[in-house]
Amino acid sequence: MRILVVNPNISESVTALIQAEAQRSASAGTTLTMATAPFGVAYIETRFEALVGGYATACVVAEHHGQFDGVVVAAFGDPGLAGIKELCSVPVVGMTEAALASACLLGQRFSIIAISHRIEAWYRECVAANGLSSRLASVRSLQQPLRDIGSVQEDHAARLEALSLQAVREDGADVIIVAGAPLAGLARTLKDRIPVPVVDGVSSAIRHCESLVALAPSGATEGSFARPPRKDNRGLPAALAALLA
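The structure presented is a predicted model; accordingly, all values stated were derived computationally and were not measured. In this convention, every chain numbers its residues from 1, walking through the sequence in written order. Reporting in this predicted model follows two pLDDT cut-offs: at least 70 for local features of residues, and 80 or more for side-chain atom pairs to be given and counted; totals over whole chains, interfaces and linings ignore these cut-offs and use all residues. Only heavy atoms go into the side-chain values, all of them from the structure, while hydrogens and water stay out.

### Focus on helix H5 (residues 120-129)
We apply this condition: Classification of residues uses two cut-offs on accessible area relative to the type maximum, computed with a 1.4 Å probe and protein chains only: under 20% is buried, over 50% is exposed, and between them is partly exposed. For helices the rule is a DSSP run of H or I covering at least 4 residues; for strands it is a run of E covering at least 2, with both sets numbered from the N terminus onward. To be clear, the arc concerns the directions from the helix axis to the C-beta atoms. Residue contacts are defined here by distance: any two heavy atoms, one from each residue, within 4.5 Å place the two residues in contact.
Inspection of H5 places Glu 120, Trp 122, Tyr 123, Cys 126 and Val 127 among the buried residues, and these make up the whole buried set. Buried positions in H5, seen along its axis, are confined to an arc of 160° and lie on one side of it. Those residues of H5 that are buried lie in contact with helix H2 (47-63), helix H4 (95-106), strand S5 (110-114) and strand S6 (136-141). In the segment just after H5, Gly 131 is the residue with positive phi, at about 75°.

Following this line, the structure appears as C-alpha cells:
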C-alpha cells in the first residue's frame, strides 16, 4: 500500500513531525511518501492561507498522480480536501475529518486544542462542514505568539496539557483532539496525563486512509464528487492541466 502524505504548508520542520507520527502509525506493509507544499505560508492559520495551501496541495497531488493508492492532506482544517477528492480516483483523507471520525467513535462530545486563537473560527467552520457542531464541546487554543512552528510542543507543553484538562473538566469533553500538524505525536505524550481519550490527526488520517484503500472503493463517476468536466484553462501547472484534461 502506497500513501502520499502532503503537508500543505512550507515548513519542513512540520513535515518531519508529520512523518515521524505517520511512520509510527502506519501498518508494516504501508509505504509513505512525504511531500511539502512548494509555495505558501509557514503554517496555515486563516481561511485565505487555507485557500493557498489547498491549491499547493492540489499541485503536489497532480505531480504524483498514478503513483499512490491513497492520499493524506496533512493539515488540520483539511485545506482543499473536497476539491482534491474530485480530482483523484483513489481515497483522499484529511486530518480533520479523520480526527473527527475517530473522536466520534470514542465519545459523544469532543474538544479541539489548537495552536492559535486566530485559527479557532476556521476550525469551528470545519466542524460545522462535517455536520458535527452539536458534538463540539469547545475549541481551546494557545494565546501567545509562537517562537517557532516546529517547536510548539516543546515550548508550550504545560499549557497544552492544561488546556486539555480544562476542556475535560470545564467543557465536558469526552475526547480531546490535538489539532494541527505542529502537534503531531502529542497525543502519545498526553494520553497518560489526560483522563479521556486523546486523538491525533496524523495517526487517524493514516489509519483511516489504509482502511479505505483496503476496502477498494470505486471512484465516483456521478454525483458531486465526480471528476471536474473538461474545459479550457490557462496558467495552470503542467501536471495539473494534464490531470484535468
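### Topic: the environment of Ile 84
Topologically, Ile 84 is positioned in helix H3 (residues 81-87). Looking at Ile 84, the relative accessible area reads 2%, which means it is buried. Along the primary structure Ile 84 and Arg 227 are separated by 143 residues, whereas in three dimensions their C-alpha atoms are 9.6 Å apart. The contact partners of Ile 84, leaving out residues within four places of it in the chain, are Gly 54, Thr 57, Ala 58, Val 61, Val 73, Pro 79 and Val 92.

### Topic: the packing of aromatic side chains
Rule in force here: In summary, the pairing rule links any two rings of Phe, Tyr or Trp, Trp by its six-membered ring, whose centres are within 6.5 Å, and it sorts them by plane angle into stacked for under 30 degrees, edge-to-face for over 60 and tilted for everything else.
By the definition in use, this model includes 3 aromatic pairs. Judged by centre distance (5.8 Å) and plane angle (50°), the rings of Phe 39 and Tyr 55 are tilted. With Phe 39 in the loop between strand S2 (31-36) and H2 and Tyr 55 in helix H2, this pair connects stretches of sequence that are 16 residues apart. Relative accessible area serves as the criterion here: at 31%, Phe 39 is assigned to the partly exposed category. Ring geometry for Phe 76 and Tyr 123: centres 4.9 Å apart, planes at 65°, overall edge-to-face. Here Phe 76, found in the loop between strand S3 (70-73) and H3, pairs with Tyr 123, found in helix H5; they are 47 residues apart in sequence, far enough to count as distant. Here Phe 76 matches Tyr 123 in class, with each residue buried.

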